[in-house]
Amino acid sequence: MGNSKNFRQQIRAFILGLLLSLPSLQAAAQADAQFTQYWAIPTYYNPAAVGSSDFVRIRGGFKMQWVGISNAPRTFLGAVDMPVKLGKKHRLGVGVLFNQESIGLFNNIGVNAQVCYKFNFLKGSFSVGLQPGFYNSKFKGSDVYIPEGDDYHQPDDPDLPRNDVSGNAFDLSAGVRYAHKYFSVGISMLHILEPELIMDSEGGSDHETVEYSAVLPRQAYFTADGNIPLKNTLFSLQPSMLIRTDFINFSAEVTMRATYNRFISFGLGYRYKEAISAMVAAEFKNFFLGYAYDYPLSAINKASSGSHEIVAGYMIKLNYGDKNKNKQRSIRIM
């Protein structure tokens, strides 16, 4: 029991050490959450995915990462997107995206507008998307605690805020995507400008202004998914993958899901050297609900029981014609 408790303390001190790395020489800020059900919230990773169906698509997601570890990431996501008719052959896609994440003493918020232009290409649809946005990061310096024996920080470290600090920045992302009846692929670049957040704090007895800075790191993503109907059955298979990199670190995950009667699906996933996952999802009358569980493969599994994630949503059918006005039909979620 003593060894287990000591390991937990080490893990927490390690994570705290990472989160307190906010020096004045431009630390890298926490950027994007890693959702296991990335296939259910494609607009979070690529603005070119907005308006990819004939529905107003509403999605919400919540992830509790590394349950059992203090100050572990907690992420909330809200997204709405829809197509907009432009002429007879081309359409625009528009959307809004909100995400909030607490990780250690950080609280980050992103608010984004999304637009994409789509056109027919090789029996499918090609889209180019743009995402301007606003990013805010807060650091609760008043809650900084330096554990005894910490080799990374000292109580009088001038690079650690001792008051609450916050900063804002303009953010810009873009992506491209090709969608076919049986598959889709996309490439996106989030935080293209690598915006710098200048975080202000009022410190000292003379109330001098102390500035800290953090950089929102550029992230590149590649996503792909497919739909494979199984002949003479009510089943279909949906393989998918997501690859991400900040050009220093690399992460990749693959998922295989099986859907029965366009209603309920089960799946397994693997994130390279990080986690294995299991998931279940259902769609009924335009409602969607999905749950995923991650089990960590690294040593962190000695301190955490894993991660839990829920994605829920609703779709509203759009009708651009005069016939069947207001009629709604459910489609399978890719």
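Read on for a plain summary of the structure. (Residues numbered from 1 in each chain as written. Predicted model: local features only at pLDDT ≥ 70, side-chain atom pairs only at ≥ 80, totals over all residues. Heavy atoms only, no water.)

1. With respect to the overall build of the protein
In terms of helices and strands, the protein carries two helices and 18 strands. For the protein, the residues scored as buried account for 45% of the 334 residues in total. A separation threshold of at least 6 residues defines the contact pool for the protein, and within that pool the share at least 24 residues apart is 57%. Carbon and sulfur atoms form 60% of the exposed surface of the protein, whose accessible area is close to 17500 Å². (Helix = DSSP H or I, 4+ residues; strand = E, 2+ residues; numbered from the N terminus. Buried < 20%, exposed > 50% of the residue type's maximum accessible area, 1.4 Å probe, protein only. Contact = heavy atoms within 4.5 Å. Areas by Shrake-Rupley, 256 points an atom, 1.4 Å probe, with all protein chains shown as cover.)

2. With respect to the pattern of salt bridges
Side chains that differ in sign of charge can pair as their charged atoms come close. A complete count under the given rule lists eight salt bridges for this structure. Between aspartate 81 and arginine 57 there is a salt bridge, with its nearest N and O atoms 3.0 Å apart. In this pair, aspartate 81 is assigned in strand E3 (residues 74-86) and arginine 57 in strand E2 (residues 55-67), connecting sequence segments 24 residues apart. In this structure, aspartate 81 and arginine 57 share a single accessibility class: buried. The partner of aspartate 294 in a salt bridge is arginine 271, and the shortest N-O contact between them spans 3.4 Å. Taken together, the positions of aspartate 294 in strand E17 (residues 287-296) and arginine 271 in strand E15 (residues 264-271) put the pair 23 residues apart, joining distant regions of the chain. The structure contains a network of salt bridges with shared partners spanning Lys63, Glu253, Arg271, Asp294 and Glu309. (Salt bridge = Lys/Arg side-chain N within 4 Å of Asp/Glu carboxyl O.)

3. Considerations on the side chain of asparagine 46
Mapped onto the elements, asparagine 46 comes out in the loop between helix H2 (42-45) and E2. A polar atom in the side chain of asparagine 46 sits 2.9 Å from the backbone nitrogen of alanine 48. For asparagine 46, the residues in contact, after removing those within four places along its chain, are Gly175, Val176, Arg177, Gly186, Ile187 and Ser188. (Polar contact = N/O pair within 3.5 Å; in protein donor to acceptor, adjacent residues only side chain to side chain.)

4. Regarding the environment of phenylalanine 247
Along the chain, the position of phenylalanine 247 falls in the loop between strand E13 (235-245) and strand E14 (250-260). As for phenylalanine 247 and glutamine 219, which are separated by 28 residues in sequence, their C-alpha atoms are 7.7 Å apart. Once you skip the residues sitting within four places of it in the chain, phenylalanine 247 turns out to touch Met189, Arg218 and Ala220.

5. Brief notes about the packing of aromatic side chains
Under the criterion given, the structure shown has 13 aromatic pairs. With a centroid separation of 5.2 Å and 55 degrees between ring planes, the pair formed by tyrosine 45 and tyrosine 221 is classed as tilted. Of this pair, tyrosine 45 sits in helix H2 while tyrosine 221 sits in strand E11 (residues 219-226); the two residues are 176 residues apart in sequence, bridging distant segments of the chain. By relative accessible area, which is 2% here, tyrosine 45 ends up buried. For the pair tyrosine 117 and phenylalanine 119, a centre-to-centre distance of 6.2 Å together with 40 degrees between the ring planes defines the contact as tilted. Assessed through its relative accessible area of 26%, phenylalanine 119 is described here as partly exposed. An aromatic cluster of three or more residues is present, and its members are Tyr117, Phe119, Phe121, Phe126, Tyr178 and Phe183. (Phe/Tyr/Trp six-rings, centres within 6.5 Å; stacked < 30°, edge-to-face > 60°.)

6. Digging into empty space enclosed by the protein
For the structure on display, the rule yields five cavities of 30 Å³ or more. Quantified by volume, the largest cavity comes out at close to 160 Å³. Along the wall of the largest cavity there are 15 residues; nearest its centre are Tyr38, Pro42, Arg177, Thr223 and Asp225. Put simply, the parts of the chain that give the lining of the largest cavity at least two residues each are H2, strand E8 (183-190), E11 and E13. Taken together, the residues of the lining of the largest cavity sort by class into nine nonpolar, four polar and two charged. Counted as a void, the second largest cavity has a volume near 130 Å³. What lines the second largest cavity is a set of 15 residues, and nearest its centre among them are Asp32, Asn99, Asn112, Gln131 and His191. Listed by contribution, the elements that provide at least two residues to the lining of the second largest cavity are strand E4 (90-103), strand E5 (106-121), strand E6 (124-140) and strand E7 (164-179). (1 Å grid on protein atoms, 1.4 Å probe; cavity = no way out; pocket = protein on both sides within 12 Å on 5 of 7 lines; lining within 4 Å. Points joined across faces, edges and corners; volume = space filled by probe spheres on them. Nonpolar A, V, L, I, M, F, W, Y, C, P; charged D, E, K, R; others polar.)

7. Let's talk about the pairing of E17
Across the two faces of E17 the burial differs, with Phe288, Gly290, Ala292, Asp294 and Pro296 buried and Phe287, Leu289, Tyr291, Tyr293 and Tyr295 not buried at all. Both strand E16 (residues 275-284) and E17 contribute to a ladder of 10 bridges, which runs antiparallel. Considered in E17, the bridge of alanine 275 is made with proline 296. Connecting the antiparallel pair E16 and E17 is a turn made up of two residues, with lysine 285 showing a positive phi of about 50 degrees. Sheet analysis places E17 next to strand E18 (residues 306-317), joined by eight bridges and oriented antiparallel. Counted as the bridge partner of phenylalanine 288 is glycine 313 from E18. (Pairing = 2+ DSSP bridges.)

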